[in-house]
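One-letter residues, chain by chain:
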Amino acid sequence: MKLRIFIAAAVALVLSGCAKQTPYDYTAFRASKPTSIVVLPAKNSSPDIQAAHSLVSVITAPLAESGYYVFPVAVVDKTFEQNGLASADDAQGVSTAKLQEIFHADAALYVEVISYGTQYRVVDSATQVSAVARLVDLRTGKQIWAGKGFASDAQDNSNNGLVGMLITAAVKQISNNMTDKSHDIAIIAGSTMLSADGRNGSILPGPRAKVKTAL
């Protein structure tokens, strides 16, 4: 757990240091002060049918670690199924007022997976996961935060020569398929997206956060 958080923080630090950014406007977030969050089934724009389930299964952890009560994913999914809402589009199409009535949560997290999986290229293969998310106050229907997460295991193999790069790519591809590397990368992507780590644009710490990050 600590290693995952450290990796996510390191990646976030590198990304945040790449360019000067306009300070994120947290006015709506601070006014909302959510304490509980329901994570809705994620939309999936990637070709991997397991992408949405994989990402949603790991993003509740960074939210909880950031100090929020997060509704169990299995319970949320079952609730939608029992009400005839079998797809993510159906679930995310429910009105905020109805979601608040059903779950009594302060906010809902809407997620979309953009890319997920390993792509084999001529001289390399890379596993990457990217997603976008927005947090909506269910009491007012207003969006209070939006962010994105990305993680990849791509490395620079340019010094290995063409044959070396081809062999490395083939071995890497087999290893990724055997170990479900995409799911591991999804953990990092989810952490960079939903950890209250003080980055510009990250979510604010919730009321149960052990360490309050000033933003």
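The rules we used
In this convention, every chain numbers its residues from 1, walking through the sequence in written order. Only residues with pLDDT of 70 or above have their local features reported here, since the model is predicted, and side-chain atom pairs are shown and tallied only from 80 upward, although totals for entire chains, interfaces and linings are computed over all residues. Here the side-chain values reflect all heavy atoms present in the structure, with hydrogen atoms and water set aside. Two rings belonging to Phe, Tyr or Trp (six-membered ring only in the last case) form a pair when the distance between their centres is within 6.5 Å. Interplanar angles under 30 degrees mark stacking, angles over 60 mark edge-to-face geometry, and anything in between is tilted. In this scheme, a residue with accessible area under 20% of its type's maximum is buried, one over 50% is exposed, and one in between is partly exposed, where area comes from a 1.4 Å probe on protein chains only. For a lysine, the NZ atom is tested; for an arginine, the CZ atom; a charge sits over a ring if that atom is within 6 Å of the ring centre and within 35 degrees of the ring normal. Every axis in this analysis is a line fitted to C-alpha atoms, fitted for helices over the stretch in contact. Angles between the N-to-C directions lie between 0 and 180 degrees. Think of it this way: any DSSP run of H or I at least four residues long counts as a helix, any run of E at least two long counts as a strand, and we number them from the N terminus. The scheme is simple: roughly parallel for angles under 35 degrees, roughly antiparallel for over 145, roughly perpendicular for 65 to 115, oblique for anything else. Throughout, a crossing is termed right-handed when the near helix is turned clockwise from the far one, and left-handed when it is turned anticlockwise from it by less than a right angle. Here, residues are in contact when the closest pair of their heavy atoms is within 4.5 Å. Polarity classes work like this: nonpolar for Ala, Val, Leu, Ile, Met, Phe, Trp, Tyr, Cys and Pro, charged for Asp, Glu, Lys and Arg, and polar for all others, with Gly in that last group.

Visitor: Would you explain the packing of aromatic side chains in this entry?
Guide: The relative placement of two aromatic rings is captured by the distance of their centres and the angle of their planes. Here the structure, examined in full by the defined rule, presents four aromatic pairs. Seen in terms of ring centroids, Y69 and F71 are 5.2 Å apart; in terms of plane orientation they differ by 70 degrees. Their pairing is edge-to-face. By relative accessible area, Y69 is classed as partly exposed at 38%. Within the aromatic cluster, the residues linked to one another by ring pairs are Y69, F71, F80 and F103. Lying over the aromatic face of Y110, R134 brings its terminal NZ or CZ to 4.3 Å of the ring centre.

Visitor: Help me understand the packing of helix α3 (residues 51-65) against helix α8 (residues 181-194), please; the structure alone is not making it clear to me.
Guide: In a packed pair of helices, the relevant descriptors are the angle between the two axes and the axis-to-axis distance. Following both chains from N to C, one finds α3 and α8 inclined at 40 degrees, their axes separated by 8 Å at the closest point. Classified by the angle between their axes, α3 and α8 sit oblique to one another. For the pair α3 and α8, the sense of crossing is right-handed. Here α3 contributes S54, L55, S57, V58, I59, P62 and L63 to the contact with α8, which in turn contributes H183, A186, I187, G190, S191 and L194. Across the contact of α3 with α8, the residue classes break down as eight nonpolar, five polar and no charged.

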